[in-house]
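Each chain, letter by letter, is given below.
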Amino acid sequence: MSQNEKPQRAGAVKQITSHSNPIIKEIKGLVAQRKHRTQSGLFVAEGLKLATDAMAAGWGVRYLALGPEARDNPVAQKAAANAKARGALILEVNTAVLAAMTRKDNPQMVVGVYEQQMLTAEQIDPAKATVWVALDRVRDPGNLGTIIRTADAVGASGVMLVGDCTDPFAVEAVRATMGSLFHVPLARLTKDQFKALAAKWPGTVAGTHLKGSVDYRTPEYSEPVLLLMGNEQQGLEDDMAATCSTLIRIPQVGEADSLNLAVATGISLYEIRRKHLDL
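The rules behind each value
- Residues numbered from 1 in each chain as written.
- Predicted model: local features only at pLDDT ≥ 70, side-chain atom pairs only at ≥ 80, totals over all residues.
- Heavy atoms only, no water.
- pLDDT = per-residue confidence, 0-100.
- Contact = heavy atoms within 4.5 Å.
- Phe/Tyr/Trp six-rings, centres within 6.5 Å; stacked < 30°, edge-to-face > 60°.
- Helix = DSSP H or I, 4+ residues; strand = E, 2+ residues; numbered from the N terminus.
- Buried < 20%, exposed > 50% of the residue type's maximum accessible area, 1.4 Å probe, protein only.
- Axes fitted to C-alpha atoms, helices over the stretch in contact; angles between N-to-C directions.
- Parallel < 35°, antiparallel > 145°, perpendicular 65-115°, else oblique.
- Left-handed = near helix turned anticlockwise from the far one by under 90°.
- Nonpolar A, V, L, I, M, F, W, Y, C, P; charged D, E, K, R; others polar.

**Some details on the confidence of the model for the chain**
Taken over all residues, the pLDDT of the chain has a mean of 92, while the share at 70 or more is 96%. Note that residues 1-8 has pLDDT below 50 and, in this model, five contacts with residues that lie over four places away or in other chains.

**Section: the packing of aromatic side chains**
Inspection of the entire model under this criterion finds six aromatic pairs. Where Phe-43 meets Tyr-114, the ring centres are 5.8 Å apart and the plane angle is 45°; that geometry is what we call tilted. Remark: Tyr-114 occurs in strand S5 (residues 110-115) and Phe-43 occurs in strand S2 (residues 42-46); sequence separation between them is 71 residues. For Phe-43, a relative accessible area of 0% corresponds to the buried category. Residue Tyr-114 is classed as buried on the basis of its relative accessible area, which comes to 0%. Every member of this aromatic cluster is reached through a ring pair, and the members are Phe-43, Trp-59, Tyr-114, Phe-169 and Phe-182.

**A few points about the packing of helix H3 (residues 48-57) against helix H4 (residues 74-85)**
The N-to-C vectors of H3 and H4 enclose an angle of 40°; their axes lie 10 Å apart at closest approach. One way to sum up the angle between H3 and H4 is to call them oblique. Considering how the two elements wind past one another, H3 and H4 form a crossing that is left-handed. Here Leu-48, Thr-52 and Met-55 of H3 come into contact with H4, specifically with Val-75, Ala-76, Ala-79, Asn-82 and Ala-83. Grouping the constituent residues of the contact of H3 with H4 by class yields six nonpolar, two polar and no charged.

Okay, structure coming up:
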């Protein structure tokens, strides 16, 4: 152990039956309000699969709450043992407390509280990238979570959140990732930081846009690719579109005026990564 490393403090087990317990109130606050997540640097993820994924990926865990069904579940007990060994407090709670902390009538048997991870613009290394997805002012947490999940599926290097985006650590977004949150690096950038990064990006910078664009199947995407997707309602603003070396569109023949953002991102990503996928 180096001089700067601290030994891992073993966690503990605590039984809680009251909704008014301070820890339960803390978790409820993380579920309910972004400001609590931002101030604490913590977030809540529901479900045994997400707990297992978080443990496997080495994310820091503060609390792991186990409902009655988890006490006889070997996978849940293994996750609890791993979390406890990493210093987490294991909470043994009843179903009513689980429901209170998650605001759900039928809560899952395991609820975890984890430490957020977010890269800065300076930590993004294009030389080690395949494709990064950049989302400009994405507002819907379900869209964001689905995009993170799709980015994981195609082997993308990460997802950038540009400008005023929804919180990737909101319960709805975390749930939509289906565990991919723990495998896909996230970065938060201002618009100016993104423009500076795009200006020196060594590969293709592609943005979806209706004006002056080409079919998304036409370009020869040069890696590393930076795929820029616009806001659900407004699309890409002109100054953001100007950062792109290629503007693409997805053809439509029906009456729909647009595609869902997550769907459009998925279609674009699979085309960009087509040569690298065994389809």
